[in-house]
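Summary of structural features
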Amino acid sequence: MTVDAHHHVWDLSVRDQDWITGPALRPLRRDFTLADLAPEARAAGIERTVLVQTVTVPEETPELLALAEAHELIASVVGWADLTRADIADELERLRALPGGRCLKGVRHQVQGEADPRWLLRPEVRRGLAAVADAGLVYDLVVVPRQLPACAEAAARHPGLTFVLDHLGKPPAATGGTEPWASGVRALAALPNTVCKLSGLVTEADPATWTTAGLRPYADTVLDAFGPDRLMFGSDWPVCTLAASYAEVLATARELTAGLGAHERTAVFTRTADRVYGLAQSSS
């Protein structure tokens, strides 16, 4: 059994995806639905997935929860809620009471788009992170390398909250560089309440020229820093389609982890996501 711990869906007739701008992202400016994903995921041996938010509007998360309620492929949802609102605890409780609310396992915000590299450490945000922890949810980090030090500080200040680093923290794979990304990742991984997704690499590299060999230094860094028990596979579909098919992304992840033992590979492709996102609880 394999878990895809990170994918999206969207319907442009329901809501615009305002981050899809410019020629490079033009292929994404169409609908990508669960009906599109499911055959590819099933063909690749994926049995459960984690559906992740894409836009910072309150209407999206209830829609994602309803999808999870209606489709057994989606085991968990990482939604969005405004961490800075004074009643964030009540908002999380409201979301969990909605249809599919049992599938809400995490919260995410597009921190990568915040100009302040220490946004996560603002008092109102820290209050929101505490509420996420109190609700028994995890917090997904979508950040760029310059924001990694604040991620580590936030994780240190909230030891009861699990922080999940999406897309390896977006390493500079297109240029082949490693610093300061690698140092930031290692500092974050030194904290026991942190986890990382092996996701998004094919689009952080040059979508037209990437190779598995070129991605290996980044995969090896997070494998060494977090270890297989704190690493999980995510396709980042449909964003990954800018560079590779669903099957190619999964095959690349398997090749990048081929040196692990069977038990360790099971952690990366199933067990870590099961534990972090409570997938068994979601399906009960």
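Anything mentioned here points back to the structure above.
Please read these numbers as outputs of a predicted model, since none were measured by experiment.

Conventions used here
Residues numbered from 1 in each chain as written. Predicted model: local features only at pLDDT ≥ 70, side-chain atom pairs only at ≥ 80, totals over all residues. Heavy atoms only, no water. Buried < 20%, exposed > 50% of the residue type's maximum accessible area, 1.4 Å probe, protein only. Helix = DSSP H or I, 4+ residues; strand = E, 2+ residues; numbered from the N terminus. Pairing = 2+ DSSP bridges. Right-handed = clockwise from strand over helix to strand, strands pointing away. Expected span 1.5 Å × (residues − 1). Arc of directions from axis to C-beta. Contact = heavy atoms within 4.5 Å. Axes fitted to C-alpha atoms, helices over the stretch in contact; angles between N-to-C directions. Left-handed = near helix turned anticlockwise from the far one by under 90°.

1. Quick look at the pairing of strand β7 (residues 194-198)
In terms of burial, β7 is largely enclosed, as five of its five residues are buried. By the alternation rule, side chains of β7 split into T194, C196 and L198 and V195 and K197, which are all buried. Judged from the three bridges that link them, strand β6 (residues 163-165) and β7 form a sheet pairing that is parallel. The partner of L165 across the bridge, within β7, is C196. Regarding the hand of the β-α-β motif, the stretch spanning β6, helix α6 (residues 181-189) and β7 is right-handed.

2. Examining helix α10 (residues 262-277)
The end-to-end C-alpha distance of α10 is 22 Å, a good match for the 22 Å that 16 residues give at a rise of 1.5 Å each. Within the sequence span of α10, burial applies to A267, V268, F269, T270, T272, A273, V276 and Y277. Two residues or fewer past α10, G278 is found with a positive phi of approximately 55 degrees.

3. Some thoughts on the environment of P192
Relative to the elements of secondary structure, P192 occurs in the loop between α6 and β7. Placed 166 residues apart in sequence, P192 and R26 show a C-alpha to C-alpha distance of 39 Å.

4. Digging into helix α1 (residues 34-43)
Burial in α1 covers these residues: L34, L37 and A41. Buried residues along α1 cover an arc of 65 degrees about the axis, so they all sit on one side. Facing away from the buried side of α1 by over 90 degrees, the exposed positions are A35, P39 and A43. In this structure, the buried residues of α1 make contact with β1 (2-7), β2 (46-52), β3 (74-79) and α9 (246-256).

5. Quick look at the packing of helix α3 (residues 88-96) against helix α4 (residues 123-134)
Axes are the key here: two packed helices are described by the angle between their axes and the distance separating the axes. With their axes 9 Å apart at the nearest point, α3 and α4 run at an angle of 40 degrees to one another. Crossing hand, α3 versus α4: right-handed. Packed against α3, whose contacting residues are I88, A89 and L92, the element α4 presents G128, A131 and V132 at the interface.

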